[in-house]
Amino acid sequence: MNSIVQKIKQTLLSDGMDTTEVDEAFAEAKLNDLTILTDLYGTFREGFVNDNDANLENLKKYSVPEGVVDFYRNFEPNSLPPLSGGVVLLGLEAIKGENSTASPSMYLLKHGLLTFATTIGGHVIGMDLKDMQNNEPRVVIADYSFCSYNEDLQVVECVHVPDEVANYYSDDEPIVLSYDVIKECLPQVAASFSTFLIKLADEEFENIEREYLVG
């Protein structure tokens, strides 16, 4: 991970960022802040709106792999500007805030997706803790309007989905958020967390919103 971070820092310097700011862009995390990743249920159980569904208990099933925790332990992002493709990596407190109160992140988390980055346009990028390869989660992107809470039906409804998914449902039938719907709808941007960081460092993303999201 060190080589990846150093490459990103070199890009920031080349883009004109101050040396001191670059040195502070990635820092060792506070020990207490790491519990945001190591204890998902304890961190988020009190922060949810509409948290009376059973999915909240599912947080006990999910864990962030140690390799990902180690990245934040040693290189927590700190007020970074947008990187390759318009990606903004979040620090731990920002991860906590995003997944506690922001839509769609707070709903995706209950199904095992932890938002750790956003885009310039406010869309979210998350690690899928239910889909691991070599003990690393895949990385997906979701439109900021992908799902929202339907007060009338008291369900989290997916409202911004590909046509091929919407065609399975009648006009008056809500597309209720589930992991199966997430798998069908959310594009994968990297097969693993480390691959995603490598793509960022290598500036492979030109415009991640335009490349992966439904228009």
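As a further point, take a negative patch on the surface. Taken together, Asp18, Glu21, Asp23 and Glu24 make up a surface patch of like negative charges. Tracing the backbone through its elements, the reader meets Asp18 in the loop between helix H1 (2–14) and helix H2 (19–24). Asp18 sits in the partly exposed class, given a relative accessible area of 41%.

A separate point is the pairing of strand E6 (residues 136–142). Counting buried positions along E6 yields 7 of 7 residues, so the element is predominantly enclosed. As defined by bridge partners, strand E5 (residues 124–133) adjoins E6 across 7 bridges and the pair is classed as antiparallel. Residue pairing in the sheet places Ile125 in a bridge with Ile141 of E6. Linking E5 back to E6 in an antiparallel pair, the connection comprises 2 residues, with Asn134 at a positive phi of about 55°. Across 2 bridges, the pairing between E6 and strand E9 (residues 188–190) is antiparallel. If you follow Val140 over to E9, its bridge partner there is Gln188.

What follows covers the nonpolar core. Counting residues in hydrophobic clusters, the biggest one holds 50 residues, and the most contacted among them are Tyr72, Leu89, Leu114, Phe116 and Phe196. Excluding residues within four positions of it along the chain, Tyr72 makes contact with Ala27, Ala29, Leu34, Leu37, Pro77, Leu90, Leu92, Ile95, Phe116 and Phe193.

A few words on the packing of H1 against helix H10 (residues 193–201). Viewed as axis vectors pointing N to C, H1 and H10 meet at an angle of 25°, and their least axial separation amounts to 9 Å. The orientation of H1 relative to H10 falls into the category roughly parallel. For the pair H1 and H10, the crossing hand works out as left-handed. Residues Ile4, Lys7, Ile8 and Thr11 of H1 form the contact with H10, whose own contacting residues are Ser194, Leu197, Ile198 and Ala201.

Chain-level statistics for the protein give a pLDDT mean of 91 and a share of 94% at 70 or above. Within the protein, the element-level pLDDT minimum falls on helix H8 (residues 163–166), averaging 87, and the maximum on strand E4 (residues 113–119), averaging 98.

Here is what the cut-offs are and how they apply
- Residues numbered from 1 in each chain as written.
- Predicted model: local features only at pLDDT ≥ 70, side-chain atom pairs only at ≥ 80, totals over all residues.
- Heavy atoms only, no water.
- Patch = residues over 30% accessible without salt bridge, like charges linked within 9 Å, V, L, I, M, F, W, Y side chains within 5 Å.
- Areas by Shrake-Rupley, 256 points an atom, 1.4 Å probe, with all protein chains shown as cover.
- Salt bridge = Lys/Arg side-chain N within 4 Å of Asp/Glu carboxyl O.
- Lys, Arg positive; Asp, Glu negative; His and termini not counted.
- Charge placed at Lys NZ, Arg CZ, Asp CG, Glu CD.
- Helix = DSSP H or I, 4+ residues; strand = E, 2+ residues; numbered from the N terminus.
- Buried < 20%, exposed > 50% of the residue type's maximum accessible area, 1.4 Å probe, protein only.
- Pairing = 2+ DSSP bridges.
- Core = buried A, V, L, I, M, F, W, Y, C linked by side-chain atoms within 4.5 Å.
- Contact = heavy atoms within 4.5 Å.
- Axes fitted to C-alpha atoms, helices over the stretch in contact; angles between N-to-C directions.
- Parallel < 35°, antiparallel > 145°, perpendicular 65-115°, else oblique.
- Left-handed = near helix turned anticlockwise from the far one by under 90°.
- pLDDT = per-residue confidence, 0-100.

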